[in-house]
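A structural walkthrough
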Amino acid sequence: MAWEFRKLGPGENVAVEAQRDPFAAPRWAPPVWHMPEGLVLLVNLVRIIVRTVVFLVRNIVPVSAAAALGWLGYRFGWAVPVVVLALVAVGLVAWAVLDRPSFVRWVGRPVLARWRLVTIYRPRWQPVLVTAGLTKVHKRREYLPSLVRVRCGPTSDRVLVKMLKGQAPDAWENVAPNLAHGFGAVLVRVREDRPGRIWLEFVRRDALAVPIPALPVPDASAVDLSALEIGRQEDGSPWRLRLLGTHVLIAGATGSGKGSVIWSTIRALLPLILAGLVEVWAVDPKRMELSFGRPLFERYGRYSGDPKGGMVDLLEAAAEDMNARAEQFAGVTRSFTASPEHPFRVVLVDELAFLTAYCPERDLRKRAESALAVLTSQGRSVGYCVIGAQQDARKEVNNLRNLFPDRIALRLDEDEQVDMVLGDGARDRGALADQISSIPQIGAGVGFIRLETTPDPVRVRAAYVSDDDIRDMVALGFTDVEAA
């Protein structure tokens, strides 16, 4: 069969079968270019050398250890490497028994990360990303995002990815469920590292599925108003809530565990409350949640559950005292330090929406909203912190929510409410507050917190403070009276 090259256009050389019949349809075939065998061998040799060097660099520690054991076996006999391995094993076991946290940090988790990299992420990387649509094809060449590093925690894996040029983190957030199913994770969150690089957080199991019992009452010297331990984060570390220099908004549906956050915070503050350095001014429209601690609040602060104006009077008194304190501090100090003369005041409002939207008397609503606006806009610098809890996340219910720098979203009824509470894009970054279980044993007190300093939400769970724990706290506040 004869073939010839015909030029159809500039740079378009194609092979066609030579035909004598001018009316016969042409039979097309791609041109065949024959590369010299020596050049083929050279290219393959260079590829083998490059891949070998890359493998040695990536696996420098195990390769060096294997080479050292091999040299010892060759030089002194194979009994020597066996003895060395036995001594290393005994040392690792002793390390794990004597200091398990450091062993897990320096040995356990790096080894697990390496194992999961080799067995899970690297083998599945290309097929999962191709299926999810995260690869690009240009001029018949496939471009694949680079898998840089894997780090393992107690409940999740963090995978560092170098994205393709022109790719944005939004592309990965949109296919997070695909990635979770592809790599066998419960869910995936996308965290920005720096331009062109992101962290993929693969959650292997839910570390917050079991309720956390009430934390011990800390010593007064260990209480830090900028880091109160009230629960646990998803990675197992303590959840520390900041009150000094900020305000906190807690939003969640009925039964979501707002009381766990509130009472865990009061429990963490209890030593400073008893010392006279912290006062809690409690506003309790429901007269159910905070009424358990009413004797404690009335003795070391103030309490009001009066819907006919007493709660609004308390808020206005707090605003007046805050303004008086600001006048006293003006030109004297720029930072606040709690003292018996000027205690740190926590204005705690259990059902914030009642005062801002649901109160039947319009005059009381306007007065309450005005007092709350003054406290949240000016109180941070003079030792005032407003903690507000509400069920409805809509703007028309509470138009002051932007004055709360730190916000906590517990279980919410609708997915759009997540961004209402935590800000735009919070749900795309992994704050799935609408998917928290409604079973109290599983989901009560579980939520996401978004701090003023970082846009990424963190999954947390507050410790559960039972009625008996609250009674013990109240009794602790009156032990000095009984002793007298």
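If you're wondering where the values come from, they're calculated on a predicted model, not measured in any experiment.

Calculation rules
- Starting from 1, residues in each chain are numbered consecutively following that chain's sequence as written.
- Totals for whole chains, interfaces and linings use all residues, but because this is a predicted model, local features are given only for residues with pLDDT of at least 70 and pairs of side-chain atoms are given and counted only at 80 or more.
- Neither water nor hydrogens contribute to the side-chain values; these are computed over all heavy atoms in the structure.
- Runs of H or I in DSSP of at least four residues are treated as helices and runs of E of at least two as strands, each being numbered from the N terminus.
- Only C-alpha atoms enter the radius of gyration, while the globule expectation follows 2.2 Å times N to the 0.38, with N the number of residues.
- Accessible area is worked out with a 1.4 Å probe on protein chains only. A residue is then buried under 20% of its type maximum, exposed over 50%, and partly exposed in between.
- The contact rule is simple, with two residues in contact once any of their heavy atoms fall within 4.5 Å.
- What sets the accessible areas is the Shrake-Rupley method with a 1.4 Å probe; for residues, cover comes only from the shown protein chains.
- Between any two strands, pairing holds if DSSP finds at least two bridges.
- Fitting a line to C-alpha atoms yields each axis, with helices limited to the stretch in contact; the angle taken between N-to-C directions then spans 0 to 180 degrees.
- Throughout, the term roughly parallel applies to angles under 35 degrees, roughly antiparallel to angles over 145, roughly perpendicular to angles from 65 to 115, and oblique to all others.
- Gly falls in the polar group here, along with every residue not listed as nonpolar (Ala, Val, Leu, Ile, Met, Phe, Trp, Tyr, Cys, Pro) or charged (Asp, Glu, Lys, Arg).
- Throughout this description, the term nonpolar core refers to a set of buried Ala, Val, Leu, Ile, Met, Phe, Trp, Tyr and Cys residues connected via side-chain atoms within 4.5 Å.
- Note: crossing handedness is left-handed where the near helix turns anticlockwise from the far helix by less than a right angle, and right-handed where it turns clockwise.
- Between the rings of Phe, Tyr and Trp (Trp by its six-membered ring), a pair exists once the centres lie within 6.5 Å; its type follows the angle of the planes, with under 30 degrees stacked, over 60 edge-to-face, and the other angles tilted.
- Criterion for a charge above a ring: Arg CZ or Lys NZ at most 6 Å from the ring centre, at most 35 degrees from the ring normal.

This paragraph deals with the overall build of the chain. Helix and strand content of the chain: 15 helices and 19 strands. A compact globule built from 484 residues should have a C-alpha radius of gyration of about 23 Å, whereas the chain, at 32 Å, is more than 25% larger. In terms of its C-alpha atoms, the chain occupies a principal-axis envelope of roughly 110 × 75 × 50 Å. Sorting the 484 residues of the chain into buried and exposed places 42% on the buried side. If you take every contact in the chain between residues at least 6 apart in sequence, the share linking residues at least 24 apart comes to 62%. Just so you have it, the chain exposes about 26700 Å², and 57% of that area is on carbon and sulfur atoms.

Our next topic: the pairing of strand 19 (residues 458–462). Buried residues dominate strand 19, accounting for 4 of its 5 residues. With 4 bridges joining them, strand 18 (residues 446–450) and strand 19 adopt antiparallel strand pairing. For Phe-448, the partnering residue across the bridge sits in strand 19 and is Arg-459.

Let's shift gears to the packing of helix 3 (residues 79–98) against helix 4 (residues 100–132). Taken N-terminus to C-terminus, the directions of helix 3 and helix 4 make an angle of 125°; their axes are 5 Å apart at the nearest point. In terms of axis orientation, helix 3 runs oblique to helix 4. Touching Leu-92, Trp-95, Ala-96 and Leu-98 of helix 3 are Arg-100, Ser-102, Phe-103, Trp-106 and Val-107, all from helix 4. Among the residues making up the contact of helix 3 with helix 4, the classes are represented as 7 nonpolar, 1 polar and 1 charged.

Counting residues in hydrophobic clusters, the biggest one holds 68 residues, and the most contacted among them are Leu-243, Ile-250, Leu-315 and Ile-408. With 9 residues, helix 7 (residues 258–274) is the largest single contributor of residues to this core. Ignoring any residue separated from it by four or fewer positions in sequence, one finds Leu-243 in contact with Leu-225, Ser-226, Leu-228, Val-248, Thr-265, Leu-269, Phe-344, Val-346, Cys-385 and Ile-387.

As a further point, take the packing of helix 9 (residues 310–329) against helix 11 (residues 362–378). For any two helices packed against each other, the geometry is given by the interaxial angle and the distance between the axes. Two numbers describe how helix 9 lies on helix 11: the axes approach to 9 Å, and their chain directions differ by 35°. Between helix 9 and helix 11 lies a crossing of left-handed hand. Residues Val-312, Asp-313, Leu-315, Glu-316, Ala-318, Ala-319, Met-322 and Asn-323 of helix 9 lie in contact with helix 11, whose contacting residues are Leu-364, Arg-367, Ala-368, Ala-371, Leu-372, Val-374, Leu-375 and Gln-378. For the contact of helix 9 with helix 11, a count of residues per class yields 11 nonpolar, 2 polar and 3 charged.

The subject of this paragraph is the packing of aromatic side chains. Tallied over the entire structure, the rule returns 11 aromatic pairs. Between Tyr-121 and Phe-183, the aromatic rings sit 5.4 Å apart at their centres with planes inclined by 35°, giving tilted as the arrangement. Of this pair, Tyr-121 sits in helix 4 while Phe-183 sits in the loop between helix 6 (176–182) and strand 8 (187–194), and the two are 62 residues apart along the sequence. Each member of the pair, Tyr-121 as well as Phe-183, is classed as buried. Within the aromatic cluster, the residues linked to one another by ring pairs are Tyr-121, Trp-125, Trp-172, Phe-183 and Phe-202. One residue, Arg-158, lies across the ring of Trp-199, its end atom 4.7 Å from the ring centre. One cation-aromatic arrangement involves Arg-299 over Phe-478; the distance from NZ or CZ to the ring centre is 5.2 Å.

Keep in mind these values describe shape, not function.
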